[in-house]
Amino acid sequence: MMKIDHLGIAVNSIQTARAFYEALGLTVAQEETVEHEQVRTAMIPVGESRIELLEPTNANSTVGRFLTKRGEGLHHVALHVDDIAATLETLKSNGVRIVSEDVQVGAGGHLYFFVHPSSAGGVLLEICQDQDQERERV
Ligand code: ZN
């Protein structure tokens, strides 16, 4: 079953940005640094989905360059799929432009890859799947 897993929002400071969501009554469930993406993330559950705040740890990272160019705002939309390998193959065979060649592993162990905005109506699209579908994510 496909669903919106999360919305990724680029921010200059998680510390500052989270206050708004906390004022709404939401709670940061998990913070982690994804070293190879040079980004710190904070996950805020919203019903079935989540908001992912993204703060660059390096100004030259993907999110760092996004902030320099466009300022804070919506960075990507993430769709959850049940079979990420099959989804990647299907998209590739349909000529969809993928940002990375292979499926990547995030810090929490989940699997993901990005579809280039030029193939997704101007939106950076993350396709993700839990490493273990049976495990409930925190
Ligand atoms: Zn994401």
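Residues numbered from 1 in each chain as written. Predicted model: local features only at pLDDT ≥ 70, side-chain atom pairs only at ≥ 80, totals over all residues. Heavy atoms only, no water.

S.K.: Would you mind going over the overall build of the chain with me for this structure?
M.R.: Along the backbone of the chain there are 3 helices and 8 strands. When the helices and strands of the chain are placed in sequence order, the string is β-α-β-β-β-α-β-α-β-β-β. What you see for the chain is a C-alpha radius of gyration of 15 Å, in line with the 14 Å of a compact globule of 138 residues. Taken over the C-alpha atoms alone, the chain extends approximately 45 × 35 × 25 Å along its principal axes. Counted over contacts in the chain with a minimum sequence separation of 6, partners at least 24 positions apart contribute 49%. With an accessible surface of roughly 7800 Å², the chain has 52% of that area assigned to carbon and sulfur atoms. (Helix = DSSP H or I, 4+ residues; strand = E, 2+ residues; numbered from the N terminus. Rg over C-alpha atoms; globule rule 2.2 N^0.38 Å. Contact = heavy atoms within 4.5 Å. Areas by Shrake-Rupley, 256 points an atom, 1.4 Å probe, with all protein chains shown as cover.)

S.K.: Looking at this structure, I do not really get a nonpolar patch on the surface. What am I missing?
M.R.: A cluster of nonpolar side chains, Ile4, Leu7 and Leu74, forms an exposed patch at the surface whose accessible area comes to about 250 Å². Following the sequence through the fold, isoleucine 4 ends up in strand β1 (residues 3-10). (Patch = residues over 30% accessible without salt bridge, like charges linked within 9 Å, V, L, I, M, F, W, Y side chains within 5 Å. Salt bridge = Lys/Arg side-chain N within 4 Å of Asp/Glu carboxyl O.)

S.K.: So what exactly am I meant to see when it comes to the confidence of the model for the chain here?
M.R.: A low pLDDT score tells you not to read the predicted coordinates there in detail. A residue-level look at the chain finds 94% of positions with pLDDT of 70 or above and a mean pLDDT of 92. Long-range and interchain partners of residues 134-138, a stretch whose pLDDT sits below 50, account for 7 contacts in this model, where long-range means more than four residues apart. (pLDDT = per-residue confidence, 0-100.)

S.K.: Help me understand the pattern of salt bridges, please; the structure alone is not making it clear to me.
M.R.: Side chains that differ in sign of charge can pair as their charged atoms come close. For the coordinates displayed, the defined rule picks out 5 salt bridges. Residues glutamate 31 and arginine 18 are paired through a salt bridge, measuring 2.8 Å at the closest nitrogen-oxygen approach. Of the two residues, glutamate 31 is situated in strand β2 (residues 30-34) and arginine 18 in helix α1 (residues 14-23); the sequence distance between them amounts to 13 residues. Two residues, lysine 92 and glutamate 101, come together in a salt bridge whose shortest N-O distance is 3.5 Å. Classification of glutamate 101 by relative accessible area gives exposed; the value is 55%. Taken together, the salt bridges that share partners define one network made up of Arg18, Glu22, Glu31 and Arg40. (Buried < 20%, exposed > 50% of the residue type's maximum accessible area, 1.4 Å probe, protein only.)

S.K.: Would you mind going over the side chain of glutamine 129 with me for this structure?
M.R.: With respect to the helices and strands, glutamine 129 occurs in strand β8 (residues 125-129). Side-chain polar atoms of glutamine 129 contact the backbone nitrogen of isoleucine 84, separated by 2.7 Å. (Polar contact = N/O pair within 3.5 Å; in protein donor to acceptor, adjacent residues only side chain to side chain.)

S.K.: Help me out: how do you make sense of the packing of aromatic side chains in this one?
M.R.: The geometry of an aromatic ring pair is captured by two quantities: the separation of the ring centres and the angle between the planes. Counted under the stated rule, the structure contains 2 aromatic pairs. Where phenylalanine 20 meets tyrosine 21, the ring centres are 4.9 Å apart and the plane angle is 80°; that geometry is what we call edge-to-face. Since its relative accessible area comes to 52%, phenylalanine 20 is described here as exposed. Seen from their ring centres, tyrosine 112 and phenylalanine 114 are 5.8 Å apart, and the 75° between their planes marks the pair as edge-to-face. (Phe/Tyr/Trp six-rings, centres within 6.5 Å; stacked < 30°, edge-to-face > 60°.)

S.K.: What am I meant to see in the sheet that holds β1 here?
M.R.: The strand order across the open sheet formed by 8 strands is β2-β3-β4-β1-β5-β8-β7-β6, and the pairing between neighbours is mixed. Two strands close off the open sheet at either side, each with one partner strand: β2 and β6 (104-105). Pairing analysis gives 5 bridges linking β2 to strand β3 (residues 39-46), with the strands arranged antiparallel. Counterpart to glutamate 32 in the pairing with β3 is threonine 41. Taken strand by strand, α1 contacts β1, β2, β3 and β4 (49-56), and its axis lies near 155° from that of β4. Contacts from helix α2 (residues 62-70) reach β1, β3, β4 and β5 (73-80), with the element oriented near 140° to β5. (Pairing = 2+ DSSP bridges. Axes fitted to C-alpha atoms, helices over the stretch in contact; angles between N-to-C directions.)

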